[in-house]
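An overview of the molecular structure
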Amino acid sequence: MRVDTRLERQGLTNSQIFFIECWLSLTSKSNIDSDRVTFNNSLNAVEELLSLYKLGTKYRAPQKRLIIAEELISIFKSDTCLDNPTFKNIPNHLIEILSANIPSESEKNQPIEKEKKLIVSLLNQLKTLIEKNYRDIALYKIDELINNENEADFDKLYVATNNLASTLNSLGMPLTECYLLGRNFFLSRNESFIEQIAKFKAKLTLQEEDVRVSLKIISNKLYTFLDSIEGELNFNNCRFHLIDHQKRNSIAVNITVCAISHSAAHSKSLQVLHRSLDIMAVAIGQDKIIIQRSYDADGWGISKTIRDSTDNLISISDRIQSSDFLLYMKTMERVYSEGSDEAIKKVSSAMRFMKKGLEPGASESRFTAFWSALESITEGVSEETLGHDEHVLFATMPCIGLDYPIKQLFALRGVAKELEWGELTLDNNRLDLKTANLVDLYKAIKNEQIKVQIRANLEKYPYAKHRFNKLMHFCNKPYLLGEKVQQHMKKVELQIHRIYRTRNSIVHNAHTPERLELLLVNVEHYLRGTLNAMVYMMENAQTIVTPEEAFSRYKYLTNKIIGEMDPTYLMRSTSTKEKKEKENREKALRSGDEETTDIELVKWLEIHE
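In this report, we go over the structure that sits alongside the text. (Residues numbered from 1 in each chain as written. Predicted model: local features only at pLDDT ≥ 70, side-chain atom pairs only at ≥ 80, totals over all residues. Heavy atoms only, no water.)

**Looking at helix H18 (residues 462–476)**
Here H18 spans 21 Å end to end across 15 residues, near enough to the 21 Å set by a 1.5 Å rise per residue. Counting buried positions over the 15 residues of H18 gives 11, a clear majority of the element. Taken together, the buried positions of H18 are occupied by Pro462, Tyr463, Ala464, Lys465, His466, Arg467, Phe468, Leu471, Met472, Phe474 and Cys475. In this structure, the buried residues of H18 make contact with helix H1 (14–27), helix H7 (154–170), helix H15 (388–418), helix H16 (438–444), helix H17 (448–457) and helix H19 (478–509). (Helix = DSSP H or I, 4+ residues; strand = E, 2+ residues; numbered from the N terminus. Expected span 1.5 Å × (residues − 1). Buried < 20%, exposed > 50% of the residue type's maximum accessible area, 1.4 Å probe, protein only. Contact = heavy atoms within 4.5 Å.)

Right, dumping it as structure tokens:
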């Protein structure tokens with residue numbers, strides 16, 4: 001959770017501030033995983049399903065289509081912008097067709113396979129409509145919600161803002177540009193919010209147009225090769241020509257691409273240039289090629305010289321703080337002194353790959369390094385024979401699921417530090433949220449006195465107030481927190497499936513997917529969360545010296561913690577009788593007729609600083 005103290009709040013309504021804070025938080029390069037803009041959206045879900053239809057029956061595509069269809073249905077149901085008549089009710093038609101899929105049926109008998117031509121036709125039509133109209137419809141929806149000035153609409157405003165930012169990213173606009181537009185238009189205002197947001201919307205809704213991008217690269221060897229041929233080199237939509245310079249190493253490359261902004265055009269042109277340079281690598285060898293950050297872009301009747309300010313997204317979810325470093329090193333020392341050669345080799349291998357992923361380099365190399373680390377550290381975690389992504393899911397989902405309340409508590413403590421809160425009153429005692437350990441923090445936000453003071457401290461920050469209000473609501477009712485953790489685990493499961501498909505695409509087809517930056521920061525977060533969980537479990541039970549044992553125990557602990565908060569979590573629902581029993585139990589829990597506890601979660605929080 002990010003709060004920006006630079007925003008001039010005077011003259012703004014709560015809803016206007018909420019939107020600005022929400023936009024800047026979602027698009028910031030430094031954020032915790034669950035507070036960053038989501039990867040998936042209606043457009044991306046449509047494109048993924050279409051791409052998997054092209055694979056036919058290869059690479060377990062029918063199974064993957066079922067997974068994507070489930071996610072697509074969920075996204076369509078939550079995206080109220082799709083209710084607009086512009087989309088011709090196509091999302092509902094697709095929901096109706098795809099909802100008829102039956103998990104137990106053979107894949108070839110599923111509607112998603114039997115109705116392939118119909119589904120592809122509807123998807124293609126919807127894709128075109130989203131690309132052309134979604135931005136305008138989403139911004140109109142956001143305008144409505146802002147003007148309503150109703151805090152009860154903040155959830156809807158968050159969802160609409162998140163979906164818009166995610167869709168813009170799918171359309172090619174880098175997150176850095178999304179953030180900078182928000183910062184430039186809203187943080188320092190010379191005009192009213194109405195005037196500023198009008199200009200902001202104009203930038204976001206430019207129609208796709210051919211943009212000519214001129215890049216400059218530095219390479220001695222490529223310059224020599226190009227100098228040896230007559231005229232310019234035209235290859236793969238790239239026009240290479242020499243720049244007259246005494247060092248004889250500067251080359252201009254002109255590329256025309258279709259894009260929705262100058263920065264989006266730059267991002268696309270870089271992809272085209274890199275593919276061209278890949279072909280030339282046979283001749284150029286290891287000679288260094290530098291692509292300068294400054295470039296010229298010509299589109300929409302405007303010529304600009306721009307410096308590329310795109311930075312890597314940063315995962316800030318690491319639990320190994322300076323106060324935990326000794327705990328971490330003592331745990332590793334125990335593994336290395338008491339563990340088997342096989343365990344030491346596994347841990348060393350995973351850490352080596354993680355280190356490679358953290359080093360500067362191509363995104364594809366970093367991505368595959370993080371995945372290799374995750375795959376190697378989780379191998380052999382189950383008694384069953386599991387596939388590559390299956391054993392990652394088996395070990396990682398409990399770790400990231402249980403990490404959800406932990407990282408939210410870390411975020412609350414971080415905001416208290418950022419805003420320099422004073423001590424809060426708890427009965428006759430004082431509590432400093434800036435330095436409180438997690439268990440004290442967790443217990444405190446269940447107390448009505450503390451909740452009132454937190455809300456008061458966040459009065460000027462409606463977005464943070466809304467997000468932490470939800471956290472306090474969940475934490476006050478263990479059943480709701482248990483449900484929230486399960487929902488988070490489901491999102492993680494779907495994202496790991498997506499990450500594995502991307503890994504296969506890179507490794508087996510040498511294909512670089514667009515928007516790799518978001519998946520890269522996701523897989524880094526999952527790796528860090530999994531390693532942190534392993535370390536804390538080894539600290540909690542110091543006889544554990546292998547990753548397999550740590551993850552097995554962590555899965556058991558997660559089941560115990562969630563099962564205490566939500567007793568239906570581990571209930572079977574195979575037979576009609578079992579389904580009915582589970583439904584009745586869920587009804588009693590939701591109505592409050594049955595209450596649950598969180599004793600096991602509190603015990604687990606006690607070992608965290």
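**A look at empty space enclosed by the protein**
Taken as a whole and assessed by the stated rule, the structure comprises 1 cavity of 30 Å³ or more. Considering only enclosed or pocket space, the largest cavity measures out at about 80 Å³ in volume. Forming the boundary of the largest cavity are 11 residues, of which Asp403, Ile406, Ala533, Tyr554 and His608 lie nearest the centre. Sorting the residues of the lining of the largest cavity by element identifies H15 and helix H20 (516–540) as the ones contributing at least two each. Among the elements that make up the lining of the largest cavity, the one with the highest residue count is H20 (4 residues). Residue composition of the lining of the largest cavity, by class: 6 nonpolar, 3 polar and 2 charged. (1 Å grid on protein atoms, 1.4 Å probe; cavity = no way out; pocket = protein on both sides within 12 Å on 5 of 7 lines; lining within 4 Å. Points joined across faces, edges and corners; volume = space filled by probe spheres on them. Nonpolar A, V, L, I, M, F, W, Y, C, P; charged D, E, K, R; others polar.)

**Concerning the environment of Val523**
Structurally, Val523 can be placed in helix H20. When the C-alpha positions of Val523 and Ile291 are compared, they lie 27 Å apart, and in sequence the two are 232 residues distant.

**Focus: the side chain of Ser376**
In this structure, Ser376 sits in helix H14 (residues 363–378). For Ser376, a relative accessible area of 16% puts it in the buried group. Not counting residues up to four positions away in its chain, the partners in contact with Ser376 are Lys346, Ser349 and Ala350.

**Some remarks on the pairing of strand S5 (residues 250–259)**
For S5, the tally of buried residues reaches 8 of 10 residues, placing the bulk of the element in the interior. Across 10 bridges, strand S2 (residues 209–218) lies against S5 in antiparallel orientation. Its bridge partner lying in S5, Leu215 is registered against Val253. Judged from the 5 bridges that link them, strand S4 (residues 238–242) and S5 form a sheet pairing that is antiparallel. Counted as the bridge partner of His241 is Ala252 from S5. (Pairing = 2+ DSSP bridges.)

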